[in-house]
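# Chains, contacts and geometry: an overview
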Amino acid sequence: MPLDQTPYFDYDDEEKESEGKEMGFLDHLEELRWHLIRAAISIVFFMVFAFVFIEEIYNKVILGPAKTDFWTYRMMCKLGNLVGAPGLCVDKLNFELMSREVSGQFVMALTSAAIIGLVFAFPYVFWEIWRFVKPGLKPSESKSARGAVFYVTFLFFSGVSFGYFIVSPLAINFLVNFQIDPSIKNQFDIGSYISILATLTLACGVAFQLPVAIFVLTKIGVIGPDFMRTYRKHAVVVILIVAAIITPSPDVTSQILVAFPLYILYEVSIIISAREEKRKLAEEKAAGITD
């Protein structure tokens with residue numbers, strides 16, 4: 001059951017006692033402060049856990065896309081053999097990782113642990129934010145947003161997985177094997193590698209929140225399903241451009257692998273927008289507000 005399915009105002013004794021009482025501005029700030037503190041504690045907890053096992057995490061997870069035996073590369077090779085495109089096989093990653101500063105590896109260990117802590121604490125962090133926001137919603141709004149924590153978390157981890165297993169390996173493979181001249185060797189600082197991996201992975205996690213964003217925009221009347229259907233062709237072009245940028249390889253198969261999930265999210269967003277608009281019209285009709 002999603003985390004936000006608990007009874008209204010039934011989080012702890014303090015909230016039960018304050019039920020029905022109007023809170024002042026300072027009271028809201030105090031409540032927000034405690035929500036943020038608990039969220040920060042969860043991030044630190046996962047950060048410490050990740051730092052304890054940082055060697056295993058680096059070897060098997062963070063440096064995974066930098067190795068030719070990575071799961072994605074093996075699947076790409078199988079797909080290439082299946083469709084007759086041997087160029088999909090990744091036999092070599094032409095680069096070396098280096099640490100050019102005395103504290104470089106230690107700083108990267110802390111940075112990586114912090115990123116991992118943020119990723120794994122995300123469900124709880126969002127739940128804390130949702131607990132603060134939900135009491136201010138109208139009953140109808142709270143009902144329509146039911147399951148928000150579950151859907152946001154599911155989309156976030158789906159996006160992170162997509163970024164880690166699809167986007168990052170494709171981008172890294174292209175960038176490290178691209179050469180202006182064979183005499184130029186690719187020796188990258190570990191910080192540069194971590195930056196690309198984290199940026200692409202987290203960016204996909206955010207991008208996969210498109211259905212949630214469309215739901216909110218539809219609810220406040222900024223966008224609607226008719227608009228999205230009208231500009232569907234334009235959206236497809238934008239998606240293909242984004243896929244081409246993410247996978248700058250001339251291989252069409254790689255671009256399709258990236259573009260297809262993004263297009264599916266767009267179609268899902270249209271369905272969500274249409275349902276929310278239909279619900280709004282039904283409520284307005286029931287209230288006698290329709291023109």
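Residues numbered from 1 in each chain as written. Predicted model: local features only at pLDDT ≥ 70, side-chain atom pairs only at ≥ 80, totals over all residues. Heavy atoms only, no water.

Convention followed: UniProt positions are given in the numbering used here, feature names are shortened, and annotations may be inferred rather than shown by experiment.
In the nomenclature of an unreviewed UniProt entry, the chain is known as Sec-independent protein translocase protein TatC of Emticicia aquatilis. As recorded by UniProt, the Function (unreviewed entry) comment attached to the chain reads in full: "Part of the twin-arginine translocation (Tat) system that transports large folded proteins containing a characteristic twin-arginine motif in their signal peptide across membranes." Its UniProt record gives the chain the following Subunit (unreviewed entry) comment, quoted word for word: "Forms a complex with TatA."

## Quick word on the nonpolar core
How we decide: For the purposes of this section, nonpolar cores are sets of buried Ala, Val, Leu, Ile, Met, Phe, Trp, Tyr and Cys residues that join through side-chain atoms within 4.5 Å. Throughout this description, buried means an accessible area under 20% of the type-specific maximum (1.4 Å probe, protein chains only), exposed means over 50%, and partly exposed covers the range between. Secondary structure elements follow DSSP: runs of H or I no shorter than four residues count as helices, runs of E no shorter than two count as strands, and numbering proceeds from the N terminus. A contact between two residues is defined here by any heavy atoms of the two lying within 4.5 Å.
By size, the foremost hydrophobic cluster in this structure holds 43 residues, and its most contacted members are Tyr-58, Ile-62, Tyr-73, Tyr-193 and Ile-194. Taken together, the elements giving at least two residues each to this core come down to helix H3 (54-62), helix H4 (71-83), helix H5 (104-133), helix H7 (148-177), helix H8 (190-207), helix H11 (232-246) and helix H12 (252-286). In terms of residue count, the dominant contributor to this core is H7 (7 residues). Beyond its immediate stretch of four places on either side in the chain, Tyr-58 contacts Leu-63, Met-108, Ala-109, Ser-112, Ile-190 and Ile-194. Judged by nonpolar contacts, the second largest core, of 11 residues, contains Phe-122, Trp-127, Ala-148 and Val-152.

## Considering the state of the cysteines
As a reminder, the rule being used: Working definition: a disulfide is two cysteine sulfur atoms within 2.5 Å of each other.
On inspection of all chains with the given rule, the structure shows 1 disulfide. Put simply, Cys-77 and Cys-89 are joined by a disulfide, and their sulfur atoms are 2.1 Å apart. Residues Cys-77 and Cys-89 are joined through a disulfide that is right-handed, its torsion about the S-S bond being 80°. A residue pair is termed long-range when its members are at least 10 positions apart, and Cys-77 in helix H4 and Cys-89 in the loop between H4 and strand S1 (96-98) qualify at 12 residues.

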